[in-house]
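A look at the structure
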Amino acid sequence: MSNFLQGRSRQCGTTGLPVCLDAAFFIKANAVFAVVSLLIGGIGAILLGLTRWSAVHLLSDVMYYRILTLHGVDMLLFWILFFEVAVLYFAVTSPLNSRLFSTKIAWVSLLLMVVGAVLTNVMILQGKGDVLMTSYPPLMADPMFYLGIILVAVGVLVALYNFFATVYIANRDKTYEGSMPLVTFGALAAAIIAVFTLLHGATALIPTFTWSMGWTPEPDAGWYRLVWWALGHPAQQVNLCAMVAIWYFLASVTTGAKPINETVSRGAFLLYILFINLASAHHLLVDPGLSASWKIWNTSYAMYLAVLASLVHGFTVPSSIEVAQRLKGYSKGVFDWLVKAPWKDPGFSSVVLSALIFGFLGGITGVTLGTEQINIIAHNTLRIPGHFHTTVVGGTTLAFMGLTYYVVPLIFQKEFYLKGLARIQPFIFGIGIVVMSIGMSLAGSYGVPRRHYDVEFAGALLPAGFDSAAHFMLGILGIGAIIAFIGLLMFVLLTVAAVFFGKSLETSKWEGWQSEAAMAKNREIYFKRDAEYEKASHKVSGTLTLVFILLVAFVVYYFANWKALTDVWFVR
Amino acid sequence: METEKKHALQKLMDNPWLLLVLGVVIPTLSYTVWGWIELANMAPATLP
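Worth saying up front: this structure is predicted, and the values here are computed from it rather than measured. (Residues numbered from 1 in each chain as written. Chains lettered and ligands numbered in written order. Predicted model: local features only at pLDDT ≥ 70, side-chain atom pairs only at ≥ 80, totals over all residues.)

**A few points about the overall build of chain A**
The secondary structure content of chain A amounts to 19 helices and two strands. Here chain A has a C-alpha radius of gyration of 23 Å; the compact-globule value for 572 residues is 25 Å, and the two agree. Reported as C-alpha extents along the three principal axes, the dimensions of chain A are approximately 70 × 55 × 45 Å. Long-range contacts, defined as pairs at least 24 residues apart, comprise 85% of the intrachain contacts of chain A with a sequence gap of at least 6. (Helix = DSSP H or I, 4+ residues; strand = E, 2+ residues; numbered from the N terminus. Rg over C-alpha atoms; globule rule 2.2 N^0.38 Å. Contact = placed C-beta atoms within 7 Å.)

**Overview of the overall build of chain B**
Looking only at helices and strands, one finds two helices and zero strands in chain B. Dimensions of chain B along its principal axes, counting C-alpha atoms only, are 80 × 15 × 10 Å. Within chain B, buried positions represent 17% of all 48 residues. (Buried ≥ 20, exposed ≤ 12 C-beta atoms within 10 Å, placed from the backbone.)

**Some thoughts on the interface of chain B and chain A**
At the interface, 19 residues of chain B touch 25 residues of chain A. Ranked by residues supplied to the side of chain B that touches chain A, first place goes to helix α2 (residues 16-40) of chain B with 16 residues. Within the side of chain B that touches chain A, the residues separate by chemical class into twelve nonpolar, five polar and two charged. (Nonpolar A, V, L, I, M, F, W, Y, C, P; charged D, E, K, R; others polar.)

**Overview of the domain arrangement of chain A**
Residue and element names in this part refer to chain A. Taken domain by domain, chain A comprises domain 1 (17-232) and domain 2 (271-453 + 465-504 + 512-572). Taking only C-alpha atoms, the centre of domain 1 and the centre of domain 2 are 22 Å apart. If you look at the interface, domain 1 gives 37 residues, while domain 2 gives 30 residues. For the side of domain 1 that touches domain 2, the secondary structure elements donating two or more residues are α1 (21-52), α2 (61-93), α5 (182-212) and α6 (221-232). In terms of residue count, the dominant contributor to the side of domain 1 that touches domain 2 is α1 (14 residues). When grouped by side-chain class, the residues that make up the side of domain 1 that touches domain 2 number 28 nonpolar, five polar and four charged. (Domains from an automatic or database assignment.)

**Here we look at the nonpolar core**
All names here are of chain A. In terms of nonpolar packing, the biggest core is built from 196 residues, with Leu 88, Ala 187, Ala 190, Cys 241, Ala 245 and Trp 247 touching the most fellow members. Sorting elements by how many residues they give to this core places α2 first, with 22 residues. No fewer than three residues from each of domain 1 (17-232) and domain 2 (271-453 + 465-504 + 512-572) sit in this core. With near-sequence residues (within four places) excluded, Ala 187 lies in contact with Val 87, Leu 88, Ala 91, Val 92, Ala 242 and Ala 245. (Core = buried A, V, L, I, M, F, W, Y, C linked by C-beta atoms within 7 Å.)

**What to know about helix α17 (residues 516-526) of chain A**
All names here are of chain A. Residues of α17 that are buried include every one of Met 519, Asn 522 and Ile 525, and no others. One face of α17 carries all of its buried residues, which in axial projection span an arc of 120°. Seen from the buried face of α17, the exposed residues on the opposite side, beyond 90 degrees, are Glu 516, Ala 517, Ala 520 and Glu 524. Those residues of α17 that are buried are in contact with α7 (234-255) and α10 (303-327). (Arc of directions from axis to C-beta.)

**Here's the deal with the packing of helix α15 (residues 419-445) of chain A against helix α16 (residues 468-501) of chain A**
Residues and elements named next belong to chain A. Closest axis-to-axis distance for the α15/α16 pair is 7 Å, and the angle between their directions is 155°. With respect to each other, α15 and α16 are oriented roughly antiparallel. Crossing handedness for the pair α15 and α16: left-handed. The class makeup of the residues in the contact of α15 with α16 is 26 nonpolar, five polar and no charged. (Axes fitted to C-alpha atoms, helices over the stretch in contact; angles between N-to-C directions. Parallel < 35°, antiparallel > 145°, perpendicular 65-115°, else oblique. Left-handed = near helix turned anticlockwise from the far one by under 90°.)

**Observations concerning the confidence of the model for chain B**
In the predicted model, chain B carries a mean pLDDT of 89, and 94% of its residues have values of at least 70. Under the prediction, the complex receives an ipTM of 0.92, its pTM being 0.93. (pLDDT = per-residue confidence, 0-100.)

**Examining the packing of α10(A) against helix α19 (residues 541-568) of chain A**
Residue and element names in this part refer to chain A. α19 packs onto α10 with a crossing angle of 150° between their chain directions and a minimal axis gap of 8 Å. When the interaxial angle is binned, α10 and α19 end up roughly antiparallel. In the packing of α10 onto α19, the handedness of the crossing is right-handed. Here α10 contributes Phe 315, Pro 318, Ser 319 and Glu 322 to the contact with α19, which in turn contributes Gly 542, Thr 543, Leu 546 and Val 547. Broken down by class, the residue content of the contact of α10 with α19 amounts to four nonpolar, three polar and one charged.

**Focus on helix α3 (residues 103-125) of chain A**
Along an α-helix, a turn takes 3.6 residues, which lines up residues three or four apart on a common side. Residue and element names in this part refer to chain A. Over its 23 residues, α3 extends 33 Å from the first C-alpha to the last, a length consistent with the 33 Å expected when each residue adds 1.5 Å. Of all the residues in α3, the buried ones are Ala 106, Ser 109, Leu 110, Leu 112, Met 113, Gly 116, Ala 117, Leu 119, Thr 120, Asn 121, Met 123 and Ile 124. On its buried side, α3 packs onto α1, α2 and α4 (143-172). Positive phi appears at Gly 127, one or two residues downstream of α3, with a value of about 80°. (Expected span 1.5 Å × (residues − 1).)

**Points about unusual backbone geometry**
Note: most residues except glycine have negative phi, and most peptide bonds are trans. Residue and element names in this part refer to chain A. The linkage connecting Pro 137 with the following residue, Pro 138, adopts the cis geometry, with an omega of 15°. Positive phi, normally seen in glycine, also occurs at Gln 413, with a value near 55°. The topology assignment puts Gln 413 in the loop between α14 (383-412) and α15. The phi angle at Leu 418 is positive, at roughly 45°, despite the residue not being glycine. Here Leu 418 shows up in the loop between α14 and α15.

**Considering the environment of Ala221(A)**
Residue and element names in this part refer to chain A. With respect to the helices and strands, Ala 221 occurs in helix α6. With 41 residues separating them in the primary sequence, Ala 221 and Met 180 have C-alpha atoms 42 Å apart. Among all residues touching Ala 221, those that are not within four sequence positions of it are Tyr 136 and Pro 137.

**Examining the environment of Ser252(A)**
All names here are of chain A. Mapped onto the fold, Ser 252 is located in helix α7. According to the C-beta neighbour criterion, Ser 252 is buried, with 22 such atoms within 10 Å. It is 9.6 Å that separates the C-alpha atoms of Ser 252 and Phe 348, two residues lying 96 residues apart in sequence. Not counting residues within four places of it along the chain, the set of residues in contact with Ser 252 comprises Ala 257, Lys 258 and Tyr 526.

See below:
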């Protein structure tokens, strides 16, 4: 039984899901500010890419660090947080058949976030926040820089209160039966991780704000780094949960897939909730104040339980797609199901590319770089951004883009223009990110530092710099950045054109990214529960092959890194 | 009517409030509090 207020809901003609109109308004508003932040961060990205490309070296030194701050804050905080609030409002209303708890609270959250984001961006562009996203003391920014981020964090906390209150009223009003739907459970995991994240953000930034006002002494650098990274890294784990929830959602909408064992998938989210935030310790692996026990426990033993969770999702999502595709008759050989998948649907291609880039590049490099011993040869080199651009950009951002291709027609009720361009956009963006990240990682392997304006150290008393191979890799980074930026620009322009000038779908039927017959088949497969489904769910040879390729790639990369370590660290 | 007995793990996964508490407390103890204790007990550096 739903608890929607009179006249404040509608039924989606494509998915059949109920849509809370109040939630839909705030989903739209947060999504719009997310895309604006993405555009600002993206412009920063291309300027930085063209500066790190030694042959171009576009920006001046001061502008490099200013734009790096802008890029980090807009991409890793604002784009992600605005979009996540939109995801949370959707996941807690439509799948739960519930209304949003409070529109007033949603307004308060939105206003706090918008004012905070504008304030921080203005401070950065005025040159009053050249402290990079991490804002480590003793670097000091204008108090309004910190205040802006605090306002955004508080705004998200307010949205999280609205999320949990909606979970409460949905439970109370029994708007759904049995366990929470998996997509909502994934969003719940994201929300729980976000609570930990934002409480730590406030703990790190409020003393920094009061210090910048001259009210309190300078925070201890070691203490600040410990607490700040419980904001910086877990913020990306919130993305991770949201991304995986989107994988499950889009896999079901675009292929009719359903997890072959929901309990196992929920168990994987549980492992995220309990253990993934310990990964923050990766950033402190060379900090002198923390013991090897603390580092190894938090980055290895306990964290591997969260890695296990990613491996579970990395198996269940493609295997559920494989089962659905085989049930449609695409069962020849090992990869017929994948070859004949709906690649022209940007929702599908985004999910597959996101999972491949996240798993093969982001996952393998992340686990390797998070090993304390190996970290010593990679810390603060370009290998680190090479890793996280494959997780938070190739993984999360691509998944968020894929969801947008469904949010715009289903929630905004607007049709996309130039659908042919939309169909190829995920490939262009994905290829760009992969090329850029490989360039970063290989340049980092030569020791090229991250967050560095001039790796040739022009004017230094002692000659320093890198050989031509490293500069070649930086050139690859720059080319990848250009391709990715083109993909990003296509996404922003297509989305803005659809949202503000697209044909309204309020009275007409949406054409969809796939034919009507294909979508009907997806729905039929999704609700299939017979013996044929049971039999098909055990035939996942394609996914198993991919899993073994991943395992071999991981083993090779991991041991190559230990070999590299022995080359520079002689143990006698 | 016979009611199906739920597994303890399933009960945990169906309790968002307990998950919220565990999701905040476990990393706070393992990462933050342990880290604070280590930083607080760090001996002052001596001059060479």
